[in-house]
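# Observations on the model geometry
What follows is each chain in one-letter form.
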Amino acid sequence: MPITFDFTDKVVFITGAGSGIGRATAEAFAAAGADVAVTDTTDEPLRETARLVEAYGRRAFVALCDVTDGRSIEDAVTAAGDTLGPIDIAVNNAGIEQPPTPLAETSEDEFDRLMAVDLRGVFLSMKYEVLAMGERGGSIVNISSGAGVVGIKGQAAYAAAKHGILGMAKSAALDYAAQGIQINAICPGIIETPMMDRFSGGTPEGRARVIAQEPIGRMGTTEEIASAVLWLSSDLGGFAVGHALVVDGGQTIGIS
Ligand code: NAP
């Protein structure tokens, strides 16, 4: 039996969709037939993502939305549903990186900011998505990280947030599995995105340093993460519940 992803007329809601993994995921869903609500904090990159969705003949809805602000997310979820129809799938992807810093040199403000965006943002997003999905059910995929499954030197605050996403996703999956809302997470390795450019410095030396963490010897692509999101959200992924799917080129499997 050929296996294809068909999301015809499904409605997808994505945070952090103006860049990197979020944009690629929006495109992948549109290519598979979905209408996509793209949300982020900056207007112009979002409009470009919307143009990419529309290029597949699908509808895009654009909303400025800061995931640290519950009202902002609630409004975006409501407006997306009013415009495109009830949300079937949500992808909580918005996140920020931590420049490498040992724990004691991490400022309280930076810790709070990472928690606000990377952990509280996922909590608030799931909260309003679950309320919007209600008894219709749906699928929610949260983007964690390799730093969600192992510790990484210089990444204590980021790893705390990304580990937190997994505990929250597994617990919420139990809260809502019987209601037909399937909640999972993905843990990407080193993926070629603007975030990774900032993290590595974008120089040949910086890129080589992060690629050295990857047994596979290269960075992953945004499409390699988007395809995992589509699988988890598809009927074929319907038996995965509370799963933390590691897609990381071998980064976290052991010591090499
Ligand atoms: P990216 O290119 O920087 O994209 C992240 C997007 O999130 C940006 O468009 C950013 O918007 C948005 N964002 C930041 N703060 C936000 C907020 N408060 N509210 C709403 N949107 C906000 O990063 P990426 O590499 O695609 O990362 C996407 C997700 O994957 C993140 O959660 C990241 O932690 C995770 N991840 C990435 C990698 C990797 O190697 N790239 C590895 C593991 C996990 P602005 O640009 O306007 O701030």
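If you trace the backbone, Ser-234 turns up in the loop between helix 8 (222-233) and strand 7 (244-247). For Ser-234, a relative accessible area of 8% translates into the label buried. A distance of 2.8 Å separates a polar side-chain atom of Ser-234 from the backbone oxygen of Trp-231. For Ser-234, the contacting residues outside a window of four places in its chain are Phe-5 and Phe-7.

This part is about the nonpolar core. Core analysis: the biggest nonpolar cluster contains 33 residues, and Phe-13, Ile-73, Ile-87, Ile-140 and Ile-183 have the highest contact counts within it. No other element matches the 7 residues that helix 4 (residues 108-133) contributes to this core. Dropping the residues within four chain positions of it, Ile-140 is found in contact with Ala-90, Asn-92, Met-126, Glu-129, Val-130, Met-133, Ile-181, Gln-182, Ile-183 and Asn-184. Among the nonpolar cores identified, the runner-up in size contains 29 residues, and Val-36, Ile-89, Val-141 and Ile-191 belong to it.

The next thing to look at is the pattern of salt bridges. For the coordinates displayed, the defined rule picks out 10 salt bridges. Asp-35 is the partner of Arg-58 in a salt bridge, and the nearest nitrogen-oxygen pair spans 3.2 Å. Of this pair, Arg-58 sits in the loop between helix 2 (43-54) and strand 3 (60-64) while Asp-35 sits in strand 2 (residues 35-40), and the two are 23 residues apart along the sequence. By relative accessible area, Asp-35 is classed as buried at 4%.

Parameters at a glance
- Residues numbered from 1 in each chain as written.
- Predicted model: local features only at pLDDT ≥ 70, side-chain atom pairs only at ≥ 80, totals over all residues.
- Heavy atoms only, no water.
- Helix = DSSP H or I, 4+ residues; strand = E, 2+ residues; numbered from the N terminus.
- Buried < 20%, exposed > 50% of the residue type's maximum accessible area, 1.4 Å probe, protein only.
- Polar contact = N/O pair within 3.5 Å; in protein donor to acceptor, adjacent residues only side chain to side chain.
- Contact = heavy atoms within 4.5 Å.
- Core = buried A, V, L, I, M, F, W, Y, C linked by side-chain atoms within 4.5 Å.
- Salt bridge = Lys/Arg side-chain N within 4 Å of Asp/Glu carboxyl O.

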